[in-house]
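Structural description and commentary
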Amino acid sequence: MSTLFTPFSMGPLTLANRIAIAPMCQYSADEGMASDWHMIHLGHLALSGAALLFLEATAVSPEGRISPKDLGIWSDDHAAALAPIVAAMRRYAPIRLAIQLAHAGRKASSMVPWEGGTNIAIGDGGWQTLAPSPLPHADGETVPLELDDDGLARVRDAFVAAARRSHALGLDAIELHAAHGYLLHQFLSPLSNQRGDQYGGALENRMRFPLEVFAAVRAAVPASMAVGVRISATDWVDGGWDVEQSLRLSQELSAAGADFIHVSSGGISPLQKIPVGPSYQIGFAARIREETGMPTIGVGMITEAQQAEDIVARGDADVVALARAMLFDPRWPWHAAAQLGAQVEAPPQYWRSQPREYKDLFGPTTLGQR
């Protein structure tokens, strides 16, 4: 039996298989409002056969957007724009739905990727960014304002309000974005956090604000809603955040009630040197899973069915998440199930597509036509 196609639970969240669709920014919102593109894009992926779909990084405040086109959930109107999309997915797909709540910090105010992805200066239509310390992501970019106590409280409250809206939408899980060089990661890394107060310096202090945000979000939604965190296990820069610190953070998150940890890497500095290759981040996920016992999602150039099967069968991760590979092949789980001799759920409207050589791929099906 294929391990990849066995059920798994992350706290209250039970998955039909071990395949997740990682959050992927679409840069297609209007003032943070979900658009027709989101209906098409997310609806398409909801029919993929994966067990869990993460909505893209969703900003908890306007200044927390990566770009002017980022999706947001900082008001009830933003939640209302997402509601029909969530309802449509619920109507036609059994996939579980999660949202990634995010604040870009000093990496906010950027062009969309297909326009270069560079920093937008304040005088050119950008906005003032915020961060743990007044250190820009790269030379020549907007210098962020250092968050004071009131600013920290506003950010924390924005995450809480966004979490409550996410629960009211009927979503199954929340993932806090503490990876890829965005605000919560900026507090963790000594490369971006050079504060002299209780939120900077020693590891315990650098973890303090992300853990406060997690605790506030966990308390804001019922236990029936899973809450986890995506981290960058290493900055890939000497003197930066690393896997040993990630282990400490994961242990603290586990003790605070986190239901899962989603292990990625990088993003804090343009000086990073990443040895990219198949499964290049899975070793970090394996170590965190082994040493903390937390349900762990592994990600990073997972493209082949047997590769994914081996990762979960070895216990390197409990769930694998695909992003670009899923965009390239939105029926990746179908094809993986066929290769591994497993079954996957498909909508009845698509049952006729089942190849003759895989008669049980979609499980018991009944088709008739006059």
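Each value, and the rule that gives it
- Along each chain, residues carry numbers from 1 onward, in the same order as the chain's sequence is written.
- A pLDDT threshold of at least 70 governs which residues receive local features in this predicted model, and a stricter bar of 80 or more applies before side-chain atom pairs are shown or counted, although totals over entire chains, interfaces and linings include all residues.
- As a convention, hydrogens and water are excluded, and side-chain values are obtained from all of the structure's heavy atoms.
- Interaxial angles span 0 to 180 degrees and are taken between N-to-C directions of axes, which are lines fitted to C-alpha atoms, for helices over the stretch in contact.
- Under the DSSP-based scheme used, a helix requires at least four consecutive residues in state H or I and a strand at least two consecutive residues in state E, with every element numbered from the N terminus.
- Here roughly perpendicular refers to angles of 65 to 115 degrees, roughly parallel to angles under 35, roughly antiparallel to angles over 145, and oblique to all remaining angles.
- Crossing handedness is read from the near helix: turned anticlockwise from the far helix by less than a right angle, it gives a left-handed crossing, and turned clockwise, a right-handed one.
- The contact rule is simple, with two residues in contact once any of their heavy atoms fall within 4.5 Å.
- Each residue is assigned to one of three groups, with Ala, Val, Leu, Ile, Met, Phe, Trp, Tyr, Cys and Pro labelled nonpolar, Asp, Glu, Lys and Arg labelled charged, and all others, Gly among them, labelled polar.
- Type-normalised accessible area, obtained with a 1.4 Å probe on protein chains alone, sets the label of each residue: buried when under 20%, exposed when over 50%, and partly exposed for intermediate values.
- Positive charge is attributed to Lys and Arg, negative charge to Asp and Glu, and no charge count is given to His or to the chain ends.
- For salt bridges, the criterion is a side-chain nitrogen of Lys or Arg within 4 Å of an Asp or Glu carboxyl oxygen.
- Under this definition, polar contacts are N or O atom pairs within 3.5 Å; protein pairs additionally need one hydrogen-donor-capable and one acceptor-capable atom, and for neighbouring residues in sequence, both atoms have to be side-chain atoms.
- Two strands qualify as a pair provided DSSP detects at least 2 bridges between them.
- Note on handedness: a clockwise path from strand one over the helix to strand two, with the strands aimed away from the viewer, defines a right-handed crossover.

**Quick notes on the packing of helix 5 (residues 203-220) against helix 6 (residues 243-255)**
- Relative orientation of the contacting elements helix 5 and helix 6 amounts to 40°, with a least axis distance of 11 Å. Looking at the two axes, helix 5 sits oblique to helix 6. Regarding helix 5 and helix 6, the two cross each other, and that crossing is right-handed. Within the contact between the two elements, helix 5 uses Leu-203, Arg-206, Met-207, Leu-211 and Phe-214 and helix 6 uses Gln-245, Arg-248, Leu-249, Glu-252 and Leu-253.
- Residue composition of the contact of helix 5 with helix 6, grouped by class: 6 nonpolar, 1 polar and 3 charged.

**Some words on the side chain of Arg-18**
- By the element assignment, Arg-18 lies in the loop between strand 2 (13-15) and strand 3 (19-21).
- Among buried Asp, Glu, Lys and Arg side chains, Arg-18 stands out as unpaired, with Asp-318 the closest opposite charge at 4.7 Å.
- Of the polar contacts made by the side chain of Arg-18, one reaches the backbone oxygen of Thr-6; its length is 3.3 Å.
- A polar atom in the side chain of Arg-18 sits 2.9 Å from the backbone oxygen of Asp-318.

**Describing helix 7 (residues 282-292)**
- Those residues of helix 7 not exposed but buried are Ile-282, Phe-284, Ala-285, Ala-286, Ile-288 and Thr-292.
- Elements in contact with the buried residues of helix 7: strand 9 (226-232), helix 6, strand 10 (260-264), strand 11 (296-299) and helix 8 (305-314).
- Gly-293 occupies a position one or two residues after helix 7 and carries a positive phi of about 75°.

**Details of unusual backbone geometry**
- At Ser-109, a position not held by glycine, the phi torsion is positive, near 60°.
- Here Ser-109 shows up in the loop between strand 5 (96-102) and strand 6 (130-131).
- Its identity is not glycine, yet His-180 carries a phi of approximately 60°, on the positive side.
- If you trace the backbone, His-180 turns up in the loop between strand 8 (173-178) and helix 4 (183-188).

**Some details on the pairing of strand 4 (residues 52-59)**
- Most of strand 4 sits inside the fold, with 8 of its 8 residues counted as buried.
- In this sheet, strand 4 lies alongside strand 3 in parallel orientation, the contact comprising 2 bridges. Within strand 4, the position partnered with Ala-20 by the bridge is Leu-52.
- Each parallel crossover has a hand, and the one from strand 4 via helix 2 (residues 76-92) to strand 5 is right-handed.

**Thoughts on the pattern of salt bridges**
- Counting across every chain of the model gives 10 salt bridges.
- Note that Asp-259 is salt-bridged to Arg-218, the shortest N-O span being 3.1 Å. Here Arg-218 lies in helix 5 and Asp-259 lies in the loop between helix 6 and strand 10, a separation of 41 residues in the sequence. Accessibility classification places Asp-259 together with Arg-218 in one group, the buried group.
- Salt-bridge contacts for Arg-287 lead to Glu-291; the nearest nitrogen and oxygen are separated by 2.8 Å. Residue Arg-287 and its partner Glu-291 are both found in helix 7; the two are separated by 4 residues, about one turn of the helix.
- Exposure remark for Glu-291: the relative accessible area of 40% places this residue in the partly exposed category.
- Three or more residues are tied together by salt bridges with common partners; here these are Arg-90, Arg-96 and Asp-172.

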